[in-house]
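Chain residues, written in single-letter form:
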Amino acid sequence: MVAYAGFAALVVVGGFILALRYAVLPNIEAYRSDIEGLLTRATGQKVSIAQIKADWRGWRPEFSLSGVVVYDDAGRPALELKRIENSLSWLSLLVFEPRFHHFRVHEPDLRVRRGMDGTITVAGILVKE
């Protein structure tokens, strides 16, 4: 019985990997608006992504996001990231949340603003004193 359960788990994980490799990754650009929405909800600030590419590097899926912009409450760019490269860890499957093997940010442009009332925002986030 344990052998059947182990085999079934192997088939499910294998099917997931094959679907990721041949169906999701080649069409990742089609999910860009969904990914932007997830990032916007997670950060509480509008996030836009100019381009997403995905590939398979060794045993791990790898993603590259270009032109990532995080906006402040006034709709101005607060943080711009020219390119983000990351590779997911297989630990993500066990904990049901994204875990990264590596995460690299290229050419970040962070904006710090001081309002007329003395408030300071970093990347559109209010810094409390």
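What you see is a predicted model, and the numbers here were worked out from it, not measured in a lab.

Got a minute to help me understand the sheet that holds strand β5 (residues 112-114) in this structure?
Pairing between sheet strands relies on hydrogen bonds along the backbone, with the strands arranged either parallel or antiparallel. Strand order in this open sheet of three strands is β5-β6-β7, and the pairing throughout is antiparallel. Only two strands of the sheet have a single neighbouring strand rather than two, namely β5 and β7 (125-127). The average undirected angle you get between the axes of adjacent strands in this sheet is 30°. Inspection of the sheet shows strand β6 (residues 120-122) paired to β7 by three bridges, in the antiparallel sense. Note on β7: the bridge partner recorded for V122 is I125.

Would you mind showing me how to read the sheet that holds strand β4 (residues 100-110) here?
Spatially, the four strands line up as an open sheet ordered β1-β2-β3-β4, and their pairing is antiparallel. Edge positions in the sheet fall to β1 (47-57) and β4, since each has one partner strand and no second. Here the average twist between neighbouring strands, direction ignored, is 10°. In terms of strand pairing, strand β3 (residues 77-88) meets β4 through nine bridges, oriented antiparallel. From the neighbouring strand, E80 faces β4, where its bridge partner is D109.

I tried to follow the pairing of strand β2 (residues 60-71) on my own but got confused; where do I start?
On a regular strand, each side chain points to the face opposite its neighbour's, so the side chains alternate between the two faces of the sheet. Among the 12 residues of β2, nine are classified as buried, and the element is accordingly described as predominantly covered. Relative to β2, β1 runs antiparallel, the two sharing 10 bridges. The residue of β2 that forms the bridge with K53 is S64. When β2 meets β3, the two strands line up antiparallel, connected through nine bridges. For V70, the partnering residue across the bridge sits in β3 and is L79. With antiparallel pairing between neighbouring strands as the criterion, β2 and β3 make up a hairpin whose turn holds five residues, including G75 at a positive phi of roughly 85°.

Honestly, the nonpolar core in this entry has me stumped. Any pointers?
Side chains of a nonpolar character, in soluble globular proteins, are inclined to be buried together. Core analysis: the biggest nonpolar cluster contains 15 residues, and L65 and V68 have the highest contact counts within it. Broken down by secondary-structure element, the contributors of at least two residues to this core are β1, β2 and β3. Contact partners of V68, with chain neighbours within four places excluded, come to V47, S48, I49, L79, E80, L81 and I84.

About the thresholds
- Residues numbered from 1 in each chain as written.
- Predicted model: local features only at pLDDT ≥ 70, side-chain atom pairs only at ≥ 80, totals over all residues.
- Heavy atoms only, no water.
- Pairing = 2+ DSSP bridges.
- Helix = DSSP H or I, 4+ residues; strand = E, 2+ residues; numbered from the N terminus.
- Axes fitted to C-alpha atoms, helices over the stretch in contact; angles between N-to-C directions.
- Buried < 20%, exposed > 50% of the residue type's maximum accessible area, 1.4 Å probe, protein only.
- Core = buried A, V, L, I, M, F, W, Y, C linked by side-chain atoms within 4.5 Å.
- Contact = heavy atoms within 4.5 Å.

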